[in-house]
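A look at the structure
Letter by letter, the chains look like this.
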Amino acid sequence: MERAIALAWNGWGRVGRNPLVGALVLRDGAVVGEGFHAEFGGPHGEALALVAAGERARGADLVVTLEPCAHHGKTPPCTDAILASGIRRVVFGAHDVDPAARGGADLLRQAGVVVEGGLMEPAVRAQNAMFFHRHAEPARPFVALKLAASVDGRIADKDGNSRWVTGVPAREYVHWLRAGFDAVAVGGGTAKADDPGLTVRGPVRPVKPPLRVVLDRHAELPPASQLVQTAREVPTLALVGRGAPAPAVAALREAGVEVAVAEAQREILSELSRRGVASVLVEGGGVVAGRLLKEGVVDRLYLMVAPLWLGEEGVAAFAGVPAARIEDAPRWRTAERRALGDDTLLVLDRR
Ligand SMILES: NC(=O)c1ccc[n+]([C@@H]2O[C@H](COP(=O)([O-])OP(=O)(O)OC[C@H]3O[C@@H](n4cnc5c(N)ncnc54)[C@H](OP(=O)(O)O)[C@@H]3O)[C@@H](O)[C@H]2O)c1
Ligand SMILES: [Zn+2]
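These figures come from a predicted structure and were not determined experimentally. (Residues numbered from 1 in each chain as written. Chains lettered and ligands numbered in written order. Predicted model: local features only at pLDDT ≥ 70, side-chain atom pairs only at ≥ 80, totals over all residues. Heavy atoms only, no water.)

Concerning the pattern of salt bridges
For the structure shown, the criterion picks out 24 salt bridges. The partner of Asp 106 in a salt bridge is Arg 109, and the shortest N-O contact between them spans 3.4 Å. Taken together, the residues span about one helical turn, with Asp 106 and Arg 109 both in helix H4 (residues 104–110) at a distance of three residues. On the basis of relative accessible area, Asp 106 is assigned to the partly exposed category, the value being 45%. Residues Asp 299 and Arg 140 are paired through a salt bridge, measuring 2.9 Å at the closest nitrogen-oxygen approach. Residue Asp 299 is located in the loop between helix H12 (286–295) and strand S13 (300–306), and its partner Arg 140 is located in the loop between helix H6 (129–136) and strand S6 (142–150); the two are separated by 159 residues in the primary sequence. (Salt bridge = Lys/Arg side-chain N within 4 Å of Asp/Glu carboxyl O. Helix = DSSP H or I, 4+ residues; strand = E, 2+ residues; numbered from the N terminus. Buried < 20%, exposed > 50% of the residue type's maximum accessible area, 1.4 Å probe, protein only.)

Structure, rendered in structure tokens:
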């Protein structure tokens, strides 16, 4: 299953709203076929693993991260392919929650295949957190926060400089990460201080470049900023307050930036949903991070910790988070820990 999960990651940024799925066929303990869902609309992972295994699938085991689908979507049901292949046993990770696709396990059992579900289910669910979120809470996007912080929880030094807290491998990871989100957002403070490009310049070319979003209450995004300058090439949305000066809003629109009014955190998330954004990666800064966290709408945190101290006057990673007692503070679930050069990535999920 670990191997199947690793295979599934190959579809990151390419499968759209579908889940990441990896699969392999095992015969007498040896892998005789592997596959993963590589493209939205393309064949499913288990179907490809079966093709790769060919005749060797007869009497073999299929290991797949997600319960095989039982419906005619863009491709024929995987349950058909499994039955035709002569697979004897299916071991899957997470149960499917898609009402249209689920039911594959029962169907296979009725046809006489041995089916075991739930192997490494938490890891598979974490890999597909956006997919599971969409089915559990379709009204608002999956919200992930990404911050690069010092050991003492600062995301910039006392002058507001954040280049660079983390090293090259951490920054490369961010380009990979962005490719899997529908939108990438920053606060107005960050847009001004860092002048970020927020484009995907990594190994994965996303099917659709993520929408760039700036929380820009007073419409202060500078006309000379990278975001405004490239707004005609990469979709860019400024979410402004009701009192934003009309000439500034007009200037942004003139430059190709889409502008919408959304101020409260929930209002921002509904506006994104309305535009078809099902997942957003919020890349700071500290004010935005603190507000989203306080509001309880952060589903996942990607925290990159760098081995340095920036001191009390540095910019705090989470501004204005109310005090909590140790016994009352909610503990998040650690989905992943990884070394990125000298830095450490922590992926934490709200329970
Ligand atoms: N290391 C990292 O990972 C990292 C990442 C990002 C930024 N940074 C650093 O962090 C610093 C900037 O962070 P920051 O905390 O000062 O600012 P910030 O969080 O980027 O932005 C705060 C600004 O966004 C506006 N804003 C927040 N929520 C809004 C909403 N719901 N609607 C409209 N506007 C909203 C605020 O306006 P109002 O106050 O009017 O509400 C405020 O002006 C910079 O020094 C930057 O280099 C570091
Ligand atoms: Zn399928």
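Here's the deal with the pairing of strand S10 (residues 236–240)
Among the five residues of S10, five are classified as buried, and the element is accordingly described as predominantly covered. In S10, alternate side chains face the same way, and those of Thr 236, Ala 238 and Val 240 on one face and Leu 237 and Leu 239 on the other are all buried. Looking at chain direction, strand S9 (residues 211–215) and S10 are connected through four bridges and run parallel. Paired with Arg 212 across the bridge in S10 is Thr 236. (Pairing = 2+ DSSP bridges.)

A short note on the domain arrangement of the protein
On domain assignment, one finds that the protein holds domain 1 (2–131) and domain 2 (140–349). Measuring from the centre of the C-alpha atoms in domain 1 to the corresponding centre in domain 2 gives 34 Å. Taken residue by residue, the interface counts nine residues in domain 1 and 19 residues in domain 2. Summed over the shared surface of domain 1 and domain 2, the result is one salt bridge. The partner of Arg 17 in a salt bridge is Asp 182, with the nearest N and O atoms 3.7 Å apart. (Domains from an automatic or database assignment. Contact = heavy atoms within 4.5 Å.)

Some thoughts on the coordination of the zinc ion (ligand 2)
Under perfect tetrahedral coordination by four donors, a metal shows angles of 109.5 degrees; under perfect octahedral coordination by six donors, it shows angles of 90 or 180 degrees. Every protein donor of the zinc ion (ligand 2) is listed here as His 44 (ND1), Cys 69 (SG) and Cys 78 (SG), and their distances to the metal cover 1.9 to 2.3 Å. Mapped onto the polypeptide sequence, the residues donating to the zinc ion (ligand 2) form the spacing pattern H-x24-C-x8-C. Highlighted residues: His 44 in the loop between strand S2 (30–36) and helix H2 (45–53) and Cys 78 in helix H3 (residues 78–85), separated in sequence by 34 residues. Taking relative accessible area as the criterion, Cys 78 reaches 2% and is therefore assigned buried. (Donors = N, O, S within 2.8 Å, 3.2 Å for Na, K, Ca; no water.)

What about the site of ligand 1?
Neighbouring residues of ligand 1: 27 residues in total, closest Gly 160, Thr 190, Asp 194, Arg 217 and Glu 263. Arg 217 is positioned such that a nitrogen or oxygen atom in its side chain is 2.7 Å from an oxygen atom of ligand 1. One of the backbone nitrogen or oxygen atoms of Gly 285 is found 2.9 Å away from an oxygen atom of ligand 1. Within the complex, 85% of the 920 Å² of free accessible area of ligand 1 lies under protein. At the level of elements, S6, strand S7 (154–156), helix H8 (188–194), helix H11 (265–274) and H12 are the ones that each hand at least two residues to the shell around ligand 1. Sorting elements by how many residues they give to the shell around ligand 1 places H8 first, with five residues. Class assignment for the residues of the shell around ligand 1 results in 10 nonpolar, 11 polar and six charged. (Near = heavy atom within 4 Å. Polar contact = N/O pair within 3.5 Å; in protein donor to acceptor, adjacent residues only side chain to side chain. Areas by Shrake-Rupley, 256 points an atom, 1.4 Å probe, with all protein chains shown as cover. Nonpolar A, V, L, I, M, F, W, Y, C, P; charged D, E, K, R; others polar.)

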